[in-house]
Amino acid sequence: MPQRKRGQTPVEQAVALILQALDVPKTTEKVPLLQALGRVAAQDVCARVAQPPFDRSALDGYALRAAEIAAAGPKTPVTLPISRYLCAGSDPGGPLEPGTAARIMTGAPIPAGADCVLRQEDTKSDGQTVTFYAQVAAKANICFAGEDIAPGKCLAPAGTLLDEVYLGLLAGQGVQTVQVYAKPRVALMPTGDELYSPDKPLIPGKIYDSNGPMLAARLLRLGAEPTLLAAGPDDPAALGRKLAELLEAYPLVITTGGVSVGDRDYLPQAAEEAGARLLFYGIDAKPGTPALAAEKNGHILLCLSGNPFASFATFELLARPALAKLQGTAPAPVRVKATLANGFEKASPLRRFVRAKLVGGVVTLPKGGHFSGGIGALVGCNCLVDVPAGSSALHTGDEVEVILL
Ligand code: AMP
Ligand code: MG
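This text gives an overview of the structure that appears in the document. Residue indices follow the written sequence of each chain, beginning from 1 at its first position. Working convention: letters from A go to chains and numbers from 1 go to ligands, in the order in which they are written. Reporting in this predicted model follows two pLDDT cut-offs: at least 70 for local features of residues, and 80 or more for side-chain atom pairs to be given and counted; totals over whole chains, interfaces and linings ignore these cut-offs and use all residues. With hydrogens and water stripped out, all remaining heavy atoms of the structure feed into the side-chain values.

Quick word on the site of ligand 1
For the record, the criterion: The nearness test applies per residue and asks whether one of its heavy atoms lies within 4 Å of the molecule or strand. Contacts described as polar in this section are N or O atom pairs within 3.5 Å, which, within protein, must combine one atom able to donate a hydrogen with one able to accept it, while residues neighboring in sequence count only if both atoms come from side chains. Accessible surface area values rest on a Shrake-Rupley calculation with a 1.4 Å probe, where residue burial reflects the displayed protein chains alone. Any residue outside Ala, Val, Leu, Ile, Met, Phe, Trp, Tyr, Cys, Pro, Asp, Glu, Lys and Arg is labelled polar, Gly included; the first ten of those are nonpolar and the last four are charged.
Neighbouring ligand 1 are 17 residues; Glu194, Asp209, Ser210, Gly258 and Gly306 lie closest to it. Gly306 places a polar main-chain atom, nitrogen or oxygen, 2.8 Å from an oxygen atom of ligand 1. Against a free-state accessible area of 480 Å², the protein chains account for coverage of 75% of ligand 1. Split into classes, the residues belonging to the shell around ligand 1 amount to five nonpolar, nine polar and three charged.

Below you can see the structure in the form of C-alpha coordinates.
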(Lines give C-alpha, C1' and ligand atoms only; values in the text may rest on other atoms or scores of the structure.)
(Ligands and ions follow the chains in the order given, each with its own letter.)
Protein backbone atom coordinates (compact mmCIF):
# COMPACT_ATOMS: atom_id res chain seq x y z
CA MET A 1 0.00 0.00 0.00
CA PRO A 2 1.48 3.32 -1.05
CA GLN A 3 0.51 5.55 1.85
CA ARG A 4 -1.74 5.59 4.84
CA LYS A 5 -3.39 8.91 4.26
CA ARG A 6 -7.10 8.82 4.80
CA GLY A 7 -9.40 9.94 2.00
CA GLN A 8 -13.15 10.26 1.61
CA THR A 9 -14.25 7.68 -0.92
CA PRO A 10 -18.00 7.93 -1.62
CA VAL A 11 -19.83 4.96 -0.12
CA GLU A 12 -21.14 3.72 -3.48
CA GLN A 13 -17.65 3.86 -4.97
CA ALA A 14 -16.26 2.06 -1.93
CA VAL A 15 -18.82 -0.71 -2.45
CA ALA A 16 -17.96 -0.90 -6.16
CA LEU A 17 -14.25 -1.22 -5.34
CA ILE A 18 -14.95 -4.05 -2.91
CA LEU A 19 -17.25 -5.91 -5.29
CA GLN A 20 -14.80 -5.53 -8.17
CA ALA A 21 -11.93 -6.97 -6.16
CA LEU A 22 -13.90 -9.76 -4.49
CA ASP A 23 -13.69 -13.20 -6.09
CA VAL A 24 -16.61 -15.48 -5.47
CA PRO A 25 -15.85 -19.10 -4.73
CA LYS A 26 -18.86 -20.68 -6.44
CA THR A 27 -18.97 -23.69 -4.17
CA THR A 28 -22.37 -25.29 -4.00
CA GLU A 29 -23.88 -28.03 -1.91
CA LYS A 30 -27.04 -30.07 -1.82
CA VAL A 31 -29.07 -29.60 1.36
CA PRO A 32 -32.37 -31.00 2.65
CA LEU A 33 -35.27 -28.69 1.85
CA LEU A 34 -35.69 -27.18 5.33
CA GLN A 35 -32.01 -26.38 5.57
CA ALA A 36 -32.34 -24.35 2.37
CA LEU A 37 -34.14 -21.62 4.34
CA GLY A 38 -32.17 -18.39 3.95
CA ARG A 39 -29.83 -19.96 1.40
CA VAL A 40 -29.46 -19.05 -2.26
CA ALA A 41 -30.47 -21.44 -5.04
CA ALA A 42 -27.45 -22.40 -7.14
CA GLN A 43 -29.56 -23.86 -9.97
CA ASP A 44 -32.92 -23.00 -11.48
CA VAL A 45 -35.65 -25.03 -9.82
CA CYS A 46 -38.57 -25.54 -12.20
CA ALA A 47 -42.01 -27.03 -11.70
CA ARG A 48 -42.03 -30.73 -12.44
CA VAL A 49 -45.78 -31.05 -11.94
CA ALA A 50 -48.77 -28.76 -12.34
CA GLN A 51 -50.18 -27.25 -9.18
CA PRO A 52 -52.79 -28.42 -8.50
CA PRO A 53 -51.86 -31.61 -10.36
CA PHE A 54 -55.49 -32.38 -11.35
CA ASP A 55 -58.83 -30.57 -11.56
CA ARG A 56 -60.26 -30.64 -8.04
CA SER A 57 -63.24 -29.48 -6.07
CA ALA A 58 -62.95 -26.13 -4.29
CA LEU A 59 -65.65 -27.03 -1.77
CA ASP A 60 -67.86 -29.74 -0.28
CA GLY A 61 -70.84 -30.47 -2.53
CA TYR A 62 -71.75 -32.32 -5.71
CA ALA A 63 -69.97 -32.61 -9.04
CA LEU A 64 -72.16 -32.89 -12.09
CA ARG A 65 -72.87 -31.62 -15.59
CA ALA A 66 -74.14 -28.04 -15.23
CA ALA A 67 -76.52 -28.44 -18.20
CA GLU A 68 -78.41 -31.21 -16.38
CA ILE A 69 -79.65 -28.85 -13.65
CA ALA A 70 -80.03 -25.74 -15.81
CA ALA A 71 -83.72 -25.56 -14.78
CA ALA A 72 -83.08 -25.89 -11.03
CA GLY A 73 -84.29 -23.10 -8.74
CA PRO A 74 -85.84 -22.67 -5.28
CA LYS A 75 -89.27 -23.57 -6.67
CA THR A 76 -88.13 -25.95 -9.45
CA PRO A 77 -85.76 -28.40 -7.78
CA VAL A 78 -84.01 -31.08 -9.84
CA THR A 79 -83.15 -34.45 -8.31
CA LEU A 80 -80.31 -36.72 -9.52
CA PRO A 81 -79.08 -40.07 -8.21
CA ILE A 82 -75.68 -40.04 -6.47
CA SER A 83 -73.45 -42.38 -8.46
CA ARG A 84 -70.16 -42.09 -6.55
CA TYR A 85 -68.49 -40.69 -3.47
CA LEU A 86 -65.22 -38.76 -3.82
CA CYS A 87 -63.15 -37.28 -1.06
CA ALA A 88 -59.62 -35.77 -1.00
CA GLY A 89 -57.23 -38.54 -1.96
CA SER A 90 -59.88 -40.61 -3.85
CA ASP A 91 -59.23 -42.04 -7.30
CA PRO A 92 -61.72 -40.18 -9.54
CA GLY A 93 -62.68 -43.38 -11.44
CA GLY A 94 -64.05 -43.31 -15.00
CA PRO A 95 -66.35 -40.70 -16.55
CA LEU A 96 -69.32 -39.62 -14.44
CA GLU A 97 -72.45 -41.52 -15.52
CA PRO A 98 -74.76 -39.06 -17.39
CA GLY A 99 -77.81 -38.02 -15.38
CA THR A 100 -76.06 -38.52 -12.04
CA ALA A 101 -74.07 -36.46 -9.54
CA ALA A 102 -70.97 -37.33 -7.54
CA ARG A 103 -70.85 -36.48 -3.85
CA ILE A 104 -67.54 -34.65 -3.63
CA MET A 105 -65.39 -33.11 -0.87
CA THR A 106 -62.89 -30.25 -1.04
CA GLY A 107 -59.69 -31.33 -2.76
CA ALA A 108 -61.19 -34.44 -4.38
CA PRO A 109 -60.56 -34.97 -8.11
CA ILE A 110 -63.33 -33.96 -10.52
CA PRO A 111 -64.41 -37.04 -12.51
CA ALA A 112 -64.30 -36.79 -16.31
CA GLY A 113 -67.59 -35.49 -17.70
CA ALA A 114 -68.45 -33.36 -14.67
CA ASP A 115 -67.94 -29.67 -15.36
CA CYS A 116 -68.97 -27.96 -12.13
CA VAL A 117 -69.46 -28.36 -8.40
CA LEU A 118 -72.54 -27.12 -6.55
CA ARG A 119 -72.09 -26.39 -2.86
CA GLN A 120 -73.92 -28.69 -0.49
CA GLU A 121 -75.68 -25.73 1.18
CA ASP A 122 -77.84 -25.38 -1.99
CA THR A 123 -78.90 -29.05 -1.97
CA LYS A 124 -80.79 -31.64 0.01
CA SER A 125 -79.82 -35.30 0.05
CA ASP A 126 -81.14 -38.60 1.45
CA GLY A 127 -77.83 -40.30 0.74
CA GLN A 128 -79.06 -41.99 -2.46
CA THR A 129 -80.22 -38.93 -4.39
CA VAL A 130 -79.53 -35.23 -4.24
CA THR A 131 -81.95 -32.40 -4.96
CA PHE A 132 -80.63 -29.14 -6.34
CA TYR A 133 -82.36 -25.84 -5.58
CA ALA A 134 -80.03 -23.71 -7.66
CA GLN A 135 -78.36 -23.90 -11.00
CA VAL A 136 -74.66 -23.47 -11.41
CA ALA A 137 -72.43 -22.22 -14.20
CA ALA A 138 -70.10 -24.60 -15.98
CA LYS A 139 -66.58 -24.48 -14.44
CA ALA A 140 -67.93 -23.18 -11.13
CA ASN A 141 -66.13 -24.23 -7.97
CA ILE A 142 -63.41 -26.19 -9.74
CA CYS A 143 -59.73 -25.50 -9.16
CA PHE A 144 -58.19 -26.37 -12.48
CA ALA A 145 -54.94 -28.28 -12.89
CA GLY A 146 -52.03 -25.87 -13.18
CA GLU A 147 -54.02 -22.77 -12.20
CA ASP A 148 -51.53 -22.04 -9.39
CA ILE A 149 -48.40 -23.28 -11.12
CA ALA A 150 -48.00 -24.44 -14.71
CA PRO A 151 -45.58 -27.34 -15.21
CA GLY A 152 -42.17 -26.22 -16.44
CA LYS A 153 -42.48 -22.78 -14.83
CA CYS A 154 -39.21 -21.64 -13.26
CA LEU A 155 -40.11 -21.40 -9.58
CA ALA A 156 -36.77 -20.36 -8.11
CA PRO A 157 -34.13 -19.21 -10.60
CA ALA A 158 -30.49 -19.57 -9.56
CA GLY A 159 -29.72 -16.63 -7.28
CA THR A 160 -33.07 -16.74 -5.49
CA LEU A 161 -32.88 -16.21 -1.76
CA LEU A 162 -35.04 -19.04 -0.48
CA ASP A 163 -37.61 -18.04 2.11
CA GLU A 164 -40.47 -19.99 3.66
CA VAL A 165 -42.76 -19.39 0.67
CA TYR A 166 -40.20 -20.81 -1.76
CA LEU A 167 -39.81 -23.80 0.54
CA GLY A 168 -43.58 -24.31 0.38
CA LEU A 169 -43.54 -24.00 -3.42
CA LEU A 170 -40.73 -26.51 -3.79
CA ALA A 171 -42.26 -28.89 -1.25
CA GLY A 172 -45.46 -28.85 -3.35
CA GLN A 173 -43.31 -30.16 -6.19
CA GLY A 174 -42.02 -33.05 -4.11
CA VAL A 175 -38.58 -31.43 -3.95
CA GLN A 176 -36.60 -32.87 -1.04
CA THR A 177 -33.14 -31.42 -1.57
CA VAL A 178 -31.93 -28.15 -3.08
CA GLN A 179 -28.59 -27.22 -4.63
CA VAL A 180 -27.52 -24.01 -2.88
CA TYR A 181 -24.39 -21.90 -2.71
CA ALA A 182 -22.13 -22.68 0.20
CA LYS A 183 -22.54 -20.21 3.03
CA PRO A 184 -19.93 -17.45 2.75
CA ARG A 185 -17.23 -18.00 5.35
CA VAL A 186 -16.41 -14.74 7.05
CA ALA A 187 -13.69 -14.13 9.64
CA LEU A 188 -14.52 -11.49 12.21
CA MET A 189 -11.82 -10.09 14.45
CA PRO A 190 -12.49 -7.33 16.96
CA THR A 191 -9.28 -5.56 17.91
CA GLY A 192 -8.19 -3.34 20.77
CA ASP A 193 -6.21 -3.78 23.98
CA GLU A 194 -9.22 -2.59 25.95
CA LEU A 195 -11.28 -5.67 25.03
CA TYR A 196 -11.55 -7.94 28.02
CA SER A 197 -12.64 -11.50 28.51
CA PRO A 198 -16.36 -11.69 29.42
CA ASP A 199 -15.69 -14.44 31.94
CA LYS A 200 -13.87 -12.00 34.21
CA PRO A 201 -15.25 -8.97 36.09
CA LEU A 202 -14.25 -5.74 34.38
CA ILE A 203 -11.22 -3.85 35.62
CA PRO A 204 -10.62 -0.13 35.07
CA GLY A 205 -9.95 0.81 31.45
CA LYS A 206 -11.32 -2.39 29.96
CA ILE A 207 -14.59 -3.10 28.14
CA TYR A 208 -16.28 -6.19 26.88
CA ASP A 209 -16.48 -6.80 23.15
CA SER A 210 -19.88 -5.80 21.72
CA ASN A 211 -18.94 -5.67 18.05
CA GLY A 212 -17.75 -9.23 17.62
CA PRO A 213 -20.92 -10.98 18.83
CA MET A 214 -23.19 -8.32 17.27
CA LEU A 215 -21.66 -8.60 13.79
CA ALA A 216 -21.26 -12.38 14.05
CA ALA A 217 -24.98 -12.55 14.85
CA ARG A 218 -25.73 -10.26 11.90
CA LEU A 219 -23.67 -12.53 9.66
CA LEU A 220 -25.56 -15.55 10.92
CA ARG A 221 -28.88 -13.82 10.30
CA LEU A 222 -27.76 -12.94 6.76
CA GLY A 223 -26.90 -16.56 6.03
CA ALA A 224 -23.11 -16.45 6.36
CA GLU A 225 -20.86 -18.72 8.36
CA PRO A 226 -18.93 -16.41 10.69
CA THR A 227 -15.81 -17.33 12.60
CA LEU A 228 -15.52 -14.98 15.57
CA LEU A 229 -11.89 -14.73 16.56
CA ALA A 230 -10.37 -13.72 19.87
CA ALA A 231 -9.75 -9.98 20.11
CA GLY A 232 -6.62 -8.86 18.32
CA PRO A 233 -4.05 -6.71 20.15
CA ASP A 234 -3.06 -3.14 19.30
CA ASP A 235 0.18 -4.44 17.81
CA PRO A 236 0.84 -3.94 14.09
CA ALA A 237 3.16 -6.91 13.61
CA ALA A 238 0.90 -9.38 15.41
CA LEU A 239 -2.16 -7.99 13.59
CA GLY A 240 -0.35 -8.15 10.25
CA ARG A 241 0.56 -11.81 10.74
CA LYS A 242 -2.97 -12.69 11.82
CA LEU A 243 -4.54 -10.85 8.90
CA ALA A 244 -2.22 -12.56 6.41
CA GLU A 245 -3.29 -15.90 7.82
CA LEU A 246 -6.99 -15.02 7.74
CA LEU A 247 -6.83 -13.63 4.21
CA GLU A 248 -5.47 -16.97 3.03
CA ALA A 249 -8.45 -18.84 4.42
CA TYR A 250 -11.46 -16.53 4.17
CA PRO A 251 -12.94 -14.62 1.22
CA LEU A 252 -14.01 -11.87 3.62
CA VAL A 253 -12.17 -10.76 6.75
CA ILE A 254 -13.74 -8.06 8.90
CA THR A 255 -12.03 -6.28 11.76
CA THR A 256 -13.31 -3.61 14.10
CA GLY A 257 -11.27 -0.99 15.94
CA GLY A 258 -7.85 0.49 15.39
CA VAL A 259 -8.48 1.92 11.94
CA SER A 260 -8.58 5.62 12.75
CA VAL A 261 -5.71 8.10 13.10
CA GLY A 262 -4.83 7.59 16.78
CA ASP A 263 -1.41 6.49 17.96
CA ARG A 264 -2.61 2.95 18.54
CA ASP A 265 -4.66 2.59 15.35
CA TYR A 266 -2.60 -0.02 13.59
CA LEU A 267 -4.98 -1.61 11.12
CA PRO A 268 -3.83 0.41 8.08
CA GLN A 269 -0.24 -0.64 8.82
CA ALA A 270 -1.26 -4.22 9.61
CA ALA A 271 -3.16 -4.48 6.31
CA GLU A 272 -0.01 -3.39 4.55
CA GLU A 273 2.10 -5.88 6.46
CA ALA A 274 -0.36 -8.62 5.54
CA GLY A 275 0.46 -7.89 1.89
CA ALA A 276 -3.01 -6.61 1.03
CA ARG A 277 -3.61 -4.01 -1.70
CA LEU A 278 -5.44 -0.93 -0.45
CA LEU A 279 -8.81 -0.32 -2.09
CA PHE A 280 -9.76 2.72 -0.04
CA TYR A 281 -9.10 4.25 3.35
CA GLY A 282 -11.84 6.54 4.59
CA ILE A 283 -15.41 7.00 3.36
CA ASP A 284 -17.42 10.16 2.86
CA ALA A 285 -19.96 9.40 5.56
CA LYS A 286 -20.55 9.24 9.29
CA PRO A 287 -20.45 7.11 11.32
CA GLY A 288 -17.47 4.94 10.54
CA THR A 289 -15.56 7.48 8.42
CA PRO A 290 -12.19 5.68 8.84
CA ALA A 291 -13.37 2.42 7.20
CA LEU A 292 -10.67 0.75 5.14
CA ALA A 293 -10.78 -2.04 2.58
CA ALA A 294 -7.91 -3.97 1.04
CA GLU A 295 -7.63 -6.98 -1.23
CA LYS A 296 -5.38 -9.99 -1.43
CA ASN A 297 -5.85 -12.73 -4.04
CA GLY A 298 -9.51 -11.86 -4.49
CA HIS A 299 -10.12 -11.94 -0.74
CA ILE A 300 -11.28 -8.78 0.99
CA LEU A 301 -10.14 -7.24 4.23
CA LEU A 302 -12.63 -4.76 5.64
CA CYS A 303 -11.54 -2.75 8.65
CA LEU A 304 -14.37 -0.97 10.45
CA SER A 305 -14.33 1.53 13.27
CA GLY A 306 -14.49 0.10 16.78
CA ASN A 307 -17.36 2.35 17.78
CA PRO A 308 -20.23 -0.12 17.99
CA PHE A 309 -22.82 1.85 16.03
CA ALA A 310 -20.21 2.80 13.46
CA SER A 311 -19.21 -0.83 13.02
CA PHE A 312 -22.87 -1.80 12.71
CA ALA A 313 -23.73 0.87 10.13
CA THR A 314 -20.63 0.40 8.00
CA PHE A 315 -21.15 -3.35 8.10
CA GLU A 316 -24.55 -2.74 6.46
CA LEU A 317 -23.13 -0.30 3.93
CA LEU A 318 -19.92 -2.08 2.98
CA ALA A 319 -19.93 -5.69 4.16
CA ARG A 320 -23.48 -6.58 3.29
CA PRO A 321 -23.06 -6.04 -0.46
CA ALA A 322 -19.91 -8.17 -0.36
CA LEU A 323 -21.83 -10.86 1.45
CA ALA A 324 -24.61 -10.74 -1.12
CA LYS A 325 -22.07 -11.18 -3.90
CA LEU A 326 -20.55 -14.13 -2.07
CA GLN A 327 -24.01 -15.62 -1.71
CA GLY A 328 -24.90 -15.13 -5.36
CA THR A 329 -27.72 -12.63 -4.77
CA ALA A 330 -28.20 -9.05 -5.87
CA PRO A 331 -26.03 -6.70 -3.82
CA ALA A 332 -28.34 -3.68 -3.73
CA PRO A 333 -29.59 -2.75 -0.27
CA VAL A 334 -33.29 -1.98 -0.20
CA ARG A 335 -33.87 1.78 -0.17
CA VAL A 336 -37.27 3.37 0.29
CA LYS A 337 -38.62 6.86 0.75
CA ALA A 338 -40.25 7.70 4.05
CA THR A 339 -41.62 10.65 5.99
CA LEU A 340 -40.00 11.76 9.22
CA ALA A 341 -42.17 11.54 12.34
CA ASN A 342 -39.74 13.67 14.30
CA GLY A 343 -36.74 15.89 13.75
CA PHE A 344 -32.97 15.61 14.02
CA GLU A 345 -31.19 18.65 15.44
CA LYS A 346 -27.70 18.25 14.07
CA ALA A 347 -26.65 19.56 10.68
CA SER A 348 -24.76 17.06 8.53
CA PRO A 349 -21.81 18.62 6.69
CA LEU A 350 -20.81 15.03 5.79
CA ARG A 351 -23.29 12.43 4.56
CA ARG A 352 -24.72 10.76 7.62
CA PHE A 353 -26.51 7.52 8.38
CA VAL A 354 -28.91 7.79 11.28
CA ARG A 355 -30.50 4.82 13.03
CA ALA A 356 -34.31 4.83 12.97
CA LYS A 357 -37.48 2.79 12.97
CA LEU A 358 -39.67 2.63 9.86
CA VAL A 359 -43.33 1.68 10.18
CA GLY A 360 -45.80 2.12 7.33
CA GLY A 361 -43.81 4.74 5.45
CA VAL A 362 -43.20 6.82 8.58
CA VAL A 363 -39.74 6.88 10.08
CA THR A 364 -39.09 7.70 13.74
CA LEU A 365 -35.67 8.60 15.10
CA PRO A 366 -34.69 7.64 18.65
CA LYS A 367 -34.99 10.59 21.01
CA GLY A 368 -31.31 10.57 21.88
CA GLY A 369 -28.28 8.35 21.83
CA HIS A 370 -27.16 9.34 18.32
CA PHE A 371 -23.48 8.74 18.90
CA SER A 372 -21.34 6.26 17.08
CA GLY A 373 -19.95 4.79 20.30
CA GLY A 374 -23.26 3.46 21.56
CA ILE A 375 -25.90 0.95 20.52
CA GLY A 376 -28.41 1.59 23.33
CA ALA A 377 -30.57 3.65 20.97
CA LEU A 378 -30.19 1.11 18.17
CA VAL A 379 -32.57 -1.26 19.93
CA GLY A 380 -35.75 -1.64 17.86
CA CYS A 381 -34.33 0.24 14.87
CA ASN A 382 -34.86 -1.36 11.48
CA CYS A 383 -33.35 1.14 9.08
CA LEU A 384 -30.71 3.79 8.49
CA VAL A 385 -31.81 7.22 7.30
CA ASP A 386 -29.46 8.37 4.54
CA VAL A 387 -28.92 12.08 5.25
CA PRO A 388 -27.18 13.82 2.31
CA ALA A 389 -24.01 15.85 2.87
CA GLY A 390 -24.70 19.52 3.50
CA SER A 391 -28.09 18.94 5.11
CA SER A 392 -29.21 21.24 7.89
CA ALA A 393 -31.41 19.88 10.67
CA LEU A 394 -34.17 17.46 9.67
CA HIS A 395 -37.79 18.30 10.48
CA THR A 396 -41.02 16.43 11.09
CA GLY A 397 -42.67 15.74 7.73
CA ASP A 398 -39.44 15.85 5.72
CA GLU A 399 -39.16 13.16 3.10
CA VAL A 400 -36.01 11.07 3.56
CA GLU A 401 -34.46 8.03 2.00
CA VAL A 402 -33.87 5.04 4.23
CA ILE A 403 -31.95 1.82 3.89
CA LEU A 404 -33.72 -1.19 5.33
CA LEU A 405 -31.71 -3.38 7.67
P1 AMP B 1 -11.26 2.57 17.79
O2 AMP B 1 -12.00 2.34 16.51
O3 AMP B 1 -10.28 1.50 18.09
O4 AMP B 1 -10.68 3.94 17.84
O5 AMP B 1 -12.32 2.49 18.93
C6 AMP B 1 -13.35 3.44 19.04
C7 AMP B 1 -14.18 3.20 20.27
O8 AMP B 1 -14.85 1.96 20.17
C9 AMP B 1 -13.37 3.10 21.55
O10 AMP B 1 -14.10 3.71 22.60
C11 AMP B 1 -13.23 1.63 21.77
O12 AMP B 1 -12.99 1.28 23.10
C13 AMP B 1 -14.57 1.13 21.29
N14 AMP B 1 -14.50 -0.24 20.83
C15 AMP B 1 -13.54 -0.75 20.06
N16 AMP B 1 -13.78 -2.05 19.80
C17 AMP B 1 -14.92 -2.35 20.44
C18 AMP B 1 -15.67 -3.54 20.55
N19 AMP B 1 -15.28 -4.66 19.94
N20 AMP B 1 -16.79 -3.52 21.29
C21 AMP B 1 -17.17 -2.37 21.90
N22 AMP B 1 -16.52 -1.22 21.82
C23 AMP B 1 -15.39 -1.19 21.10
MG1 MG C 1 -8.69 1.31 19.43
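Some remarks on the pattern of salt bridges
Oppositely charged side chains can pair when the atoms bearing their charge come close. Heads up, the rule is: The salt bridge definition used is simple: a Lys or Arg side-chain nitrogen within 4 Å of an Asp or Glu carboxyl oxygen. In this description a helix means any DSSP run of H or I spanning at least four residues, a strand means any run of E spanning at least two, and both kinds are numbered starting from the N terminus.
All chains considered together, the criterion is met by 13 salt bridges. Between Arg84 and Glu97 there is a salt bridge whose closest N-O contact spans 3.3 Å. Taken together, the residues span a long stretch of sequence, with Arg84 in strand S5 (residues 78-86) and Glu97 in the loop between S5 and strand S6 (101-104) at a distance of 13 residues. Each member of the salt-bridge network shares a partner with another, and the members are Glu12, Arg335, Lys337, Arg351, Asp386 and Glu401.

A few points about unusual backbone geometry
The line we're drawing: Under the scheme applied here, a residue whose accessible area is under 20% of the maximum for its type counts as buried, over 50% as exposed, and between as partly exposed, the area being computed with a 1.4 Å probe on protein chains only.
In this structure, Pro52 follows Gln51 across a cis peptide bond, with omega equal to -5 degrees. Following the sequence through the fold, Pro52 ends up in the loop between strand S2 (45-46) and strand S3 (56-57). Cis peptide bonds are those with omega within 30 degrees of zero, and the linkage from Lys286 to Pro287 qualifies with -5 degrees. With respect to the secondary-structure elements, Pro287 resides in the loop between strand S19 (285-286) and strand S20 (292-296). With a phi close to 80 degrees, Lys139 is a non-glycine residue in the positive phi region. With respect to the helices and strands, the residue Lys139 is situated in the loop between strand S9 (129-132) and strand S10 (142-143). Note on Lys139: relative accessible area 61%, which makes it exposed. Of note, the phi angle at Asn297 is positive, near 50 degrees, even though the residue is not glycine. The topology assignment puts Asn297 in the loop between S20 and strand S21 (299-304). Judged by its relative accessible area of 60%, Asn297 falls in the exposed class.

Some remarks on the side chain of Arg352
What counts, and what does not: The sign given to each residue is positive for Lys and Arg and negative for Asp and Glu; His and the chain ends receive no count. Should any heavy atoms of two residues lie within 4.5 Å, those residues are considered in contact.
Relative to the elements of secondary structure, Arg352 occurs in strand S23 (residues 351-359). The side chain of Arg352 sits in the buried core without any salt bridge; Asp386 is the nearest counter-charge, 9.8 Å away. Separated by 2.9 Å, the side chain of Arg352 and the backbone oxygen of Ala347 make a polar contact. Ignoring sequence-local partners within four residues, the contact set of Arg352 consists of Lys286, Phe344, Lys346, Ala347, Val385, Asp386 and Val387.

In short, the description is geometric, and any link to function would need to be established separately.
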